[in-house]
Amino acid sequence: MNIAFVEIQNFRKLKSCRVEIASQETILVGANNSGKTSAIDSMILFLKKSRRKDIVTTDFTLSNWSHINQIGRQWANAEGDNTTDLTLGQWLPYLPSIDIWLDANDADIHHIIHLLPMLDWTPDNQLGVRLLFAPKNVEKLYKEFRDAYQSARDTEPSESSRGKRKLSLWPESMRDFLDRELQRNFEVKAFILDPAKCEEPENGVAKPQPLTTDSEPMDREPFDGLFKIDIISAQRGFSDPKTEDESHSGFASLSTQLRRYFTKHLNPEDSPDASDIEALQAIEEAKAVFDDKLKNSFRPAISELEGMNYPGFSDPQLSLTSRIKAVDTLDHNTAVQFNISPEREDSTILSLPEQYNGLGYQNLISMVFSLIRFRDEWMCVGKAAKKQSGDNTTIEPLHIVLIEEPEAHLHAQVQQVFIKKAYQVLRHHERLNGNQFNTQMIVSTHSSCIAHELDFTCLRYFRREPATQRGEIPLATVVNLSKTFGDDTDTSKFATRYIKSTHCDLFFADAAILVEGSAERMLVPHFIRYKFPELSQSYISILEIGGSHAHRLRPLLETLGLLSLVITDLDSIGDSGTAKVFPERNKNYRTGNTTLKEWIPKKEVLDELLNCPDDVKQSENQQIKVAYPCPIKLKYKGGSTEEEAIPYTFEDSLALANLQLFQDYEDPKSLLKKLKEAISKNSLNETCKEMFESLRTGSKAGMALELLYLTEPSQLEPPAYISDGLEWLKIKIAERKQDFLVTAKSEVRDD
């Protein structure tokens, strides 16, 4: 049995999305505030029964509150109960829910019989259950809200007696009422879903089946006996050595975890067997020795007490006895020590308590031990087995482990070690070698080290979507990257190998910039820092990839929906062959750049490229823009009229944008020297031709390094085509970061 996918509705930014769960490891990736944590939290809050009390009003999708408040206004203004809609139906479109869809087979039938939607169900069909956070009793909620609302309005002072400042009493709206009364009036209800009505997502948006008006909730917990849910939260709260609090957030120190593990699985006093007799006997002997020590030590004091001769009582006879429990030997903050040196000549070992070890090592060890503990609790290892019947039905067939941001405090190499070993640890048990028991590990992360260590087919990318309607907020959709990296095409293989080799952070970026060569890779970040500081506030991934290969990343960039600026070269060639030529108009020249020919703007003729309007340089959805050298107008050497220059590549474009700066360099080297010599020519056309020839042999990366050495980067002016591209990117990122549509801000405010 496995979870095939979950569909989340109305939970924070996840208005309606599907997350497909891999059979073993699933990694949730995406930029900040894209919904990864919301997805993990939704599974925690709905699947873990003890956590349902933590659901609060802020877990509802924010834009839904205007509709829920409208229900409250209708109830408040209703003239009578008979005219008011008190069904669950009007609430359903706005309530948080999660649909769990299972893959099961005939061997699982005794576990899932209560989930079968029909008697003739076959394993070809998935099983679906919706967990819905809904009013316990709509009529009771109606009465309580209406009474509270009306009482508040009756108590508020009239306008004539009111001061300058308006007094508003609780509750002002349904949101205000539920902020205080949510858990008392709401609960999680389970509904069986119809596999025949399960639909595929459309454009990344899930299409969960609607519940019918006569849908009845289940009278039992649907997943009792099916799932074991374990969690490692993001806030693990490792304490400072000088802090006594060992856990701020439910993730205990290793000492505490070991003590709990001992209590549950190893305690010799719990259901002892033959292997425990020696330990119990040693404890009893230690107790007898200690009791004798207590008796001798306290004899003077006890004798004095016994001689008090209190009226009405005979002389008191006092005795002391100790109690030694095995688990108490681990109940102290220094139960775990880390040895920092081998045994010395005097047989002593230098060691420190665990709090004094590095946070990264504490984090790694504690997480791995948590996984061991989760597995052994599931498999009822040691003493835990004696508390069970021994029958397989007492062990859930599916173990789900949710891990939030395991990279906290870990070096990159340690992150890779953890993610490679984590699933192996969860399956390291003799009973887990077959298919009877399955484990699914779901990890959310911001770490490219973790994302790149596993097969990309297990990645689920959370894509931020801008608000598209008035009154709505930006939401998130989820992309299953197994459909991008899972095929065997050359393009898919190239994308996988390139991202693996460059270890880029594409999956966590707000936008991507693809550059032609190393010179652009070194200088574009400086253009951003000094000329477009707004872009420095965003997470932008810069990838160096040649123009002949940039188009190979097209499927990935389009799938991710990532804002992308492709900075490439003109690469002019003759009307036949592939020989490079100096770019000129009306010569029937072409471009040799595959990106320009086959991707954007899909033009090969050089004259068409030089005259290409700006909107044609973007993809149809305006998420990708290409920037390449275009004709520029300038007054050369103080001339009175503007002349046109057509750069060939980034380096000559940069020189033309910084003529005076290049001219003033003293004793430059290599390509920079050749460009300076070209600028000394008398005509602009001669200068451009000389630059073109110098680009054939000079080191472009060397030129960029020399520029950074000789020049304060803030003095460099970016070429016009790069400035235009960065300006476009700045505007697009600002649009995506807009929380509400401007025209809608006043309309979503609660009354």
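Relevant structure appears above.
Overview of the structure.

Definitions and cut-offs
- Residues numbered from 1 in each chain as written.
- Predicted model: local features only at pLDDT ≥ 70, side-chain atom pairs only at ≥ 80, totals over all residues.
- Heavy atoms only, no water.
- Helix = DSSP H or I, 4+ residues; strand = E, 2+ residues; numbered from the N terminus.
- Buried < 20%, exposed > 50% of the residue type's maximum accessible area, 1.4 Å probe, protein only.
- Contact = heavy atoms within 4.5 Å.
- Areas by Shrake-Rupley, 256 points an atom, 1.4 Å probe, with all protein chains shown as cover.
- 1 Å grid on protein atoms, 1.4 Å probe; cavity = no way out; pocket = protein on both sides within 12 Å on 5 of 7 lines; lining within 4 Å.
- Points joined across faces, edges and corners; volume = space filled by probe spheres on them.
- Nonpolar A, V, L, I, M, F, W, Y, C, P; charged D, E, K, R; others polar.
- Core = buried A, V, L, I, M, F, W, Y, C linked by side-chain atoms within 4.5 Å.
- Pairing = 2+ DSSP bridges.
- Axes fitted to C-alpha atoms, helices over the stretch in contact; angles between N-to-C directions.
- Expected span 1.5 Å × (residues − 1).
- Parallel < 35°, antiparallel > 145°, perpendicular 65-115°, else oblique.
- Phe/Tyr/Trp six-rings, centres within 6.5 Å; stacked < 30°, edge-to-face > 60°.
- Salt bridge = Lys/Arg side-chain N within 4 Å of Asp/Glu carboxyl O.

1. Some points on the overall build of the chain
Phase 1: Across its full length, the chain carries 23 helices and 21 strands.
Phase 2: The buried share of the chain, taken over its 751 residues, is 49%.
Phase 3: Restricting to contacts in the chain with at least 6 residues of sequence separation, those with at least 24 account for 73%.
Phase 4: Only carbon and sulfur atoms are counted for the fraction: they give 48% of the accessible area of the chain, which is about 36800 Å².

2. Focus: empty space enclosed by the protein
Phase 1: Within the structure shown, the criterion is met by 1 cavity of 30 Å³ or more.
Phase 2: In this structure, the largest cavity occupies an estimated 110 Å³ of space.
Phase 3: If you trace the largest cavity, you find 14 residues lining it, with Arg464, Ala509, Asp510, Leu562 and Arg736 closest to the centre.
Phase 4: Those elements that provide at least two residues to the lining of the largest cavity are strand S12 (459–465) and helix H23 (720–736).
Phase 5: Ranked by residues supplied to the lining of the largest cavity, first place goes to S12 with 4 residues.
Phase 6: When grouped by side-chain class, the residues that make up the lining of the largest cavity number 8 nonpolar, 1 polar and 5 charged.

3. Concerning the nonpolar core
Nonpolar side chains tend toward joint burial in soluble globular proteins.
Phase 1: Counting residues in each nonpolar core, the largest one holds 72 residues, and the members touching the most others are Trp75, Trp91, Leu102, Phe223 and Phe227.
Phase 2: Excluding residues within four positions of it along the chain, Phe227 makes contact with Met1, Ile3, Leu47, Ile100, Leu102, Glu396, Leu398 and Ile400.
Phase 3: Within the second largest apolar cluster, 60 residues are counted, among which are Val29, Leu426, Val479 and Tyr628.

4. Focus on the environment of Val19
Phase 1: Examined against the element boundaries, Val19 turns out to sit in strand S2 (residues 14–20).
Phase 2: Residue class for Val19 comes out buried when judged on its relative accessible area of 0%.
Phase 3: The sequence separation of Val19 and Val6 amounts to 13 residues, and the corresponding C-alpha distance is 5.4 Å.
Phase 4: In contact with Val19, other than residues within four places in its own chain, are Phe5, Val6, Ile8, Leu28, Arg460, Phe462 and Val478.

5. Let's talk about the sheet that holds strand S4 (residues 97–103)
Phase 1: Ordered by their spatial adjacency, 5 strands build an open sheet running S2-S1-S4-S5-S6, and the pairing between neighbours is antiparallel. The open sheet has two free edges, formed respectively by S2 and strand S6 (186–193), since each of these has just one partner strand. Averaged over all adjacent pairs, the angle separating strand axes in this sheet is 15°, with direction ignored.
Phase 2: Across 7 bridges, the pairing between strand S1 (residues 2–11) and S4 is antiparallel. Bridge pairing in S4 places Ile3 opposite Leu102.
Phase 3: Here helix H1 (residues 36–47) sits on the sheet and contacts S1, S2, S4, strand S5 (127–135) and S6; the angle it forms with S1, its principal contact strand, is near 100°.
Phase 4: Against the sheet, helix H5 (residues 174–185) contacts S5 and S6, and its axis sits at roughly 55° relative to S6.

6. Things to note about helix H8 (residues 359–378)
Side chains of residues three or four places apart in an α-helix project in the same direction, reflecting 3.6 residues per turn.
Phase 1: Between its terminal C-alpha atoms H8 stretches 28 Å, which fits the 28 Å expected from 20 residues at 1.5 Å a residue.
Phase 2: For H8, a buried count of 15 out of 20 residues is recorded, marking the element as mostly surrounded by other parts of the structure.
Phase 3: Cys380 sits one or two positions beyond H8 and adopts a positive phi of about 55°.

7. So, the packing of helix H2 (residues 65–77) against H5
Phase 1: Their axes nearest at 8 Å, the elements H2 and H5 cross at an angle of 100°. On the basis of their axis angle, the class for H2 and H5 is roughly perpendicular. Residues Trp65, Ile68, Asn69, Gly72 and Trp75 of H2 touch H5, and the partners they reach there are Met174, Arg175 and Leu178.

8. So, the packing of aromatic side chains
Phase 1: Overall, the coordinates contain 19 aromatic pairs when judged by the stated rule.
Phase 2: Summarising the aromatic geometry, the rings of Phe60 and Phe186 are spaced 6.3 Å apart at their centres and angled 75° between planes, so their arrangement reads as edge-to-face. Taken together, the positions of Phe60 in the loop between H1 and H2 and Phe186 in strand S6 put the pair 126 residues apart, joining distant regions of the chain. Summarising the burial analysis for this pair, Phe60 and Phe186 share the class buried.
Phase 3: With 5.6 Å between their ring centres and 80° between their planes, Phe145 and Phe177 make a pair best called edge-to-face. Here Phe145 is found in helix H4 (residues 138–155), whereas its partner Phe177 is found in helix H5, with 32 residues between them in sequence. Phe177 shares its class with Phe145; the two are buried.
Phase 4: Grouped by ring-pair contacts, the aromatic residues Phe60, Trp65, Trp75, Trp91, Phe133, Tyr142 and Phe186 constitute a single cluster.

9. Some thoughts on the pattern of salt bridges
Phase 1: This structure, assessed with the given rule, holds 33 salt bridges.
Phase 2: For Arg184, the salt bridge is made with Glu144, and the minimal N-O distance between the two is 2.7 Å. Pair noted here: Arg184 is in helix H5 and Glu144 is in helix H4, with a separation of 40 residues, a long-range link.
Phase 3: For Glu377, the salt bridge identified is with Arg373, shortest N-O distance 3.6 Å. Placement of both Glu377 and Arg373 in helix H8 is noted, with a separation of 4 residues, approximately one turn of the helix.

10. As for the pairing of S6
Phase 1: Along S6, 6 of the 8 residues are buried, which leaves the element largely enclosed by surrounding structure.
Phase 2: Summarising the sheet, S5 and S6 pair through 8 bridges and their orientation is antiparallel. Within the sheet, the bridge partner assigned to Phe133 lies in S6 and is Val188.

11. With respect to the pairing of strand S7 (residues 227–232)
Phase 1: Of all 6 residues in S7, 5 are buried, a share of seventy percent or more.
Phase 2: Of the pairings in the sheet, the one linking S7 to strand S10 (residues 398–404) comprises 6 bridges and is parallel in character. Counterpart to Lys228 in the pairing with S10 is His399.

12. Quick word on the layout of surface pockets
Phase 1: Estimated volume of the largest pocket: approximately 470 Å³.
Phase 2: Taken together, 20 residues form the lining of the largest pocket, with Glu465, Pro466, Ala467, Thr468 and Leu475 sitting closest to its centre.
Phase 3: Each residue belonging to the lining of the largest pocket can be placed in one class, and the counts come to 7 nonpolar, 7 polar and 6 charged.

13. Thoughts on the sheet that holds strand S16 (residues 563–567)
Phase 1: Spatially, S15-S14-S16-S19 is the arrangement adopted by the 4 strands of the open sheet, whose pairing is parallel. The sheet is open, and its two edges are formed by strand S15 (540–544) and strand S19 (624–627), each paired on a single side. Averaged over all pairs of adjacent strands, the angle between strand axes in this sheet comes to 15°, irrespective of strand direction.

14. Let's talk about helix H13 (residues 490–502)
Phase 1: Taking 1.5 Å as the rise per residue, H13 with 13 residues should run 18 Å; its terminal C-alpha atoms sit 18 Å apart, in good agreement.
Phase 2: Contacts made by the buried residues of H13 are with helix H11 (448–453), helix H12 (482–485), S15 and helix H15 (554–560).

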